[in-house]
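Remarks on the overall topology
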Amino acid sequence: MDVPEDHPGRERAGVCSAHTCGPPGKRVKVILLDTRYHRDPITRDSISGQRYFPNEEGDILGEAQWEWLKRELRTSTAQVHLIGTSIQAVSSQHPWAKCANFP
């Protein structure tokens, strides 16, 4: 994927990344979370094979990625922040993998 050998992302488990673009005062930061690599287990419905049941005690990012996210937001010079996930973030009504499966 043409990521340099000395890129800090190569030292992290998972594939989260952050990218800032635009001139000073008009910056946008896109933060891409890895919501699968560190995710605690969720239970799949054995009957349908599709529905997932929430993990009320679980974590979706893992401690290191939470710290990385906090640091990215605290040190950001962007005026707008967009956060993307590898699973659905907003919807809580469907039965598949989603952020709503975790506290």
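A few words on the side chain of Asn-101. With respect to the element layout, Asn-101 can be found in the segment after β5 (80-84). Non-local contacts of Asn-101, meaning those with residues more than four positions away in its chain, are made with Ile-42, Tyr-52, Phe-53, Pro-54, Asn-55 and Trp-96.

Below, the discussion takes up the environment of Asn-101. You can call Asn-101 buried: its relative accessible area is 1%. Between the alpha carbons of Asn-101 and Arg-36 there is a distance of 12 Å; along the sequence they are 65 residues apart.

An order of β1-β2-β5 is seen for the three strands of this open sheet, with the pairing classed as mixed. Both edges of this open sheet fall to β1 (17-21) and β5, since each of them pairs with a single strand only. The mean inter-strand angle of the sheet, taken between neighbouring strand axes irrespective of direction, is 15°. Strands β1, β2 (28-32) and β5 of the sheet are contacted by helix α1 (residues 63-74), whose axis makes an angle of about 180° with β2.

The nonpolar side chains of a soluble globular protein tend to be buried with one another. Judged by nonpolar contacts, Cys-16, Ile-31, Leu-33, Ile-42, Tyr-52, Ile-60, Leu-61, Trp-68, Leu-69, Ile-87, Ala-97 and Phe-102 together constitute the single largest core of 12 residues. Residues contacting Ala-97, with those up to four places away along its chain left out, are Arg-39, Tyr-52, Ile-87 and Gln-88.

Enumeration according to the criterion identifies two salt bridges in this entry. Measuring nitrogen to oxygen at the nearest pair gives 2.7 Å for the salt bridge that ties Lys-29 to Glu-72. Remark: Glu-72 occurs in helix α1 and Lys-29 occurs in strand β2; sequence separation between them is 43 residues. Of the two residues examined, Lys-29 and Glu-72, each falls in the buried class. Where Lys-70 meets Glu-67, a salt bridge forms, and the shortest distance between an N and an O atom there is 3.1 Å. Of this pair, Lys-70 and Glu-67 both sit in helix α1, separated by three residues, roughly a single helical turn. On the accessibility criterion, Lys-70 (34% relative accessible area) is partly exposed. Judged by relative accessible area, which is 36%, Glu-67 ranks as partly exposed.

Turning our attention to α1. If you check α1, its first and last C-alpha atoms are 17 Å apart, about what 12 residues at 1.5 Å a residue would give, namely 16 Å. Looking at α1, one finds that the buried residues are Gln-65, Trp-68, Leu-69 and Glu-72. Across the axial projection of α1, the buried residues extend over an arc of 100°, all falling on one side. Exposed residues pointing more than 90 degrees away from the buried face of α1 are listed as Glu-63 and Arg-74.

Cut-offs used in this document
- Residues numbered from 1 in each chain as written.
- Predicted model: local features only at pLDDT ≥ 70, side-chain atom pairs only at ≥ 80, totals over all residues.
- Heavy atoms only, no water.
- Helix = DSSP H or I, 4+ residues; strand = E, 2+ residues; numbered from the N terminus.
- Contact = heavy atoms within 4.5 Å.
- Buried < 20%, exposed > 50% of the residue type's maximum accessible area, 1.4 Å probe, protein only.
- Pairing = 2+ DSSP bridges.
- Axes fitted to C-alpha atoms, helices over the stretch in contact; angles between N-to-C directions.
- Core = buried A, V, L, I, M, F, W, Y, C linked by side-chain atoms within 4.5 Å.
- Salt bridge = Lys/Arg side-chain N within 4 Å of Asp/Glu carboxyl O.
- Expected span 1.5 Å × (residues − 1).
- Arc of directions from axis to C-beta.

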